[in-house]
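# Residue-level structure breakdown
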Amino acid sequence: MTECPDTEQQPPMLAEYQACLAKMQHDAAVGRFVPDLFARTCHRLATHRQGDFPRWFASYQNMPELPVQSVRFDTPAVTVLGHISPQQQKDLHARLMELHPWRKGPFDLFGVFIDSEWQSWMKWQRLAPHLPDLTGRRVLDIGCGNGYYLMRMAAQKPALLLGADPGLMPMMQFWAVEKYARSGACVLPLAMEELPASMPVFDLVLSMGVFYHRKDPVGHLLGLKQYLAPGGRLILETLVVEGDAMTCLLPAGRYAQMRNVWLIPSVAWLVNLLEKTGFRQVRCLDESVTTFAEQRQTPWMRFHSLPQFLQADGQATVEGLPRPRRAIISASL
Ligand SMILES: C[S@@+](CC[C@H](N)C(=O)[O-])C[C@H]1O[C@@H](n2cnc3c(N)ncnc32)[C@H](O)[C@@H]1O
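Residues numbered from 1 in each chain as written. Predicted model: local features only at pLDDT ≥ 70, side-chain atom pairs only at ≥ 80, totals over all residues.

As a further point, take the sheet that holds strand β3 (residues 107-109). Read from one edge to the other, the open sheet built from 4 strands follows the order β1-β2-β3-β4, with strand pairing classed as mixed. Edge positions in the open sheet fall to β1 (70-72) and β4 (112-114), since each of these has one partner strand only. Within this sheet the neighbouring strands show an average axis-to-axis angle of 10°, counted without direction. Where β3 lies against β4, 3 bridges are found, and the strand directions are antiparallel. Looking across to β4, one finds that Leu 109 is bridged to Val 112. (Pairing = 2+ DSSP bridges. Helix = DSSP H or I, 4+ residues; strand = E, 2+ residues; numbered from the N terminus. Axes fitted to C-alpha atoms, helices over the stretch in contact; angles between N-to-C directions.)

Attention shifts here to the sheet that holds strand β5 (residues 138-142). In space, the 7 strands of this open sheet follow the order β7-β6-β5-β8-β9-β13-β12, with mixed pairing throughout. At either end of the open sheet lies a strand with only one pairing partner, and these are β7 (186-188) and β12 (280-289). Strand after strand, the sheet turns through a mean of 15° between neighbouring axes, direction not considered. Taken together, the 3 bridges between strand β6 (residues 160-164) and β7 define a ladder with parallel strand orientation.

Time to look at the packing of helix α3 (residues 53-61) against helix α7 (residues 168-181). It is the contact of α3 with α7, at a shortest axis distance of 10 Å, that shows an interaxial angle of 5°. One finds that α3 runs roughly parallel with respect to α7. Contacts between α3 and α7 pair Phe 53, Trp 56, Phe 57 and Tyr 60 from the former with Leu 168, Met 169, Met 172, Trp 175 and Ala 176 from the latter. Partitioned by chemical class, the residues of the contact of α3 with α7 number 9 nonpolar, no polar and no charged. (Parallel < 35°, antiparallel > 145°, perpendicular 65-115°, else oblique. Contact = placed C-beta atoms within 7 Å. Nonpolar A, V, L, I, M, F, W, Y, C, P; charged D, E, K, R; others polar.)

All right, on to the site of the ligand then. Taken together, the neighbourhood of the ligand is formed by 18 residues, with Gly 143, Gly 145, Ala 191, Met 208 and Gly 209 sitting nearest. When the residues that make up the shell around the ligand are grouped by side-chain class, the tally is 9 nonpolar, 6 polar and 3 charged. (Near = placed C-beta within 6 Å.)

Below, the discussion takes up the environment of Ala 229. Mapping Ala 229 onto the fold places it in strand β9 (residues 228-240). Among the residues examined, Ala 229 registers 17 C-beta atoms within 10 Å and is labelled partly exposed. Distance from Ala 229 to Leu 160, taken between C-alpha atoms, is 13 Å for residues 69 residues apart in sequence. The contact partners of Ala 229, leaving out residues within four places of it in the chain, are Pro 200, Val 201, Phe 202 and Asp 203. (Buried ≥ 20, exposed ≤ 12 C-beta atoms within 10 Å, placed from the backbone.)

This is the structure we're talking about:
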């Protein structure tokens with residue numbers, strides 16, 4: 001794992017992936033997948049079409065070396081503590097702001113508070129009491145964004161925290177935080193379809209906020225099954241609509257201004273589909289309406305957010321569809 005096999009010029013971020021995948025090589029179950037994961041990561045980094053990537057990479061490279069005193073993964077904001085000067089704080093703030101928009105978080109790095117669009121700790125609070133003990137376990141987070149939840153799980157010292165997300169911006173945010181947080185997690189810049197089709201080694205697989213973006217919901221669930229070790233648990237979190245086992249919403253156009261929403265199930269519909277695709281012990285852990293407290297505009301995410309996606313009375317989306325509500329479902333193999 002020294003260089004990318006399919007490209008002459010070695011892509012940015014290679015060193016980070018060499019390091020995190022090298023650690024995984026020693027894992028008895030995951031080790032055999034590492035050369036393949038490395039080749040796929042190289043390919044993605046070498047062939048991406050994201051014009052802003054060099055700019056984000058430059059911001060990351062220019063992040064200052066700072067003295068870390070301690071790190072907290074068990075607080076609502078993933079927190080890195082250490083004394084730095086006002087000038088260092090200003091520099092750090094500027095570099096992090098270059099990675100705008102911060103959708104997931106918050107993070108507090110040396111007193112620079114990244115107030116992300118989503119108060120992700122609220123979802124974490126709904127989920128965490130239901131998770132098994134993760135000590136020594138292997139976790140895969142599909143669509144992990146900038147790795148906020150992987151870092152929250154780092155508090156429990158799992159054996160492996162692997163994430164996959166095709167977004168190069170959230171990936172750079174992950175590495176920016178990880179430079180100081182040292183959670184040991186690894187976020188691969190890969191969509192689920194770009195991972196090996198079968199890696200049945202994970203004790204916990206999360207797919208949060210991905211299901212409704214997929215054109216093929218059955219394929220998504222069958223794909224997730226291929227990552228679970230025998231007895232492993234799936235956490236599936238998604239937008240849902242109210243209704244019975246016959247109900248799901250296929251938005252004709254956008255949903256809450258999002259272009260890429262294909263299918264929003266009811267909980268009963270989704271439970272049915274999980275059981276039909278071979279999962280057991282399927283249960284809904286939480287169902288909540290998304291509030292303006294959880295998703296809103298901030299200086300770290302200056303684009304439109306939930307308040308602009310809803311009609312004035314807050315009862316429906318601007319398209320006249322049911323306002324966002326989300327469910328967390330647990331299922332086992
Ligand atoms: C709504 S965000 C959810 C982020 C995080 N999981 C959470 O719950 O806050 C959806 C994420 O899924 C990622 N995503 C979209 N399609 C994906 C795919 N096919 N495989 C993996 N991730 C995907 C997006 O890049 C985005 O970061």
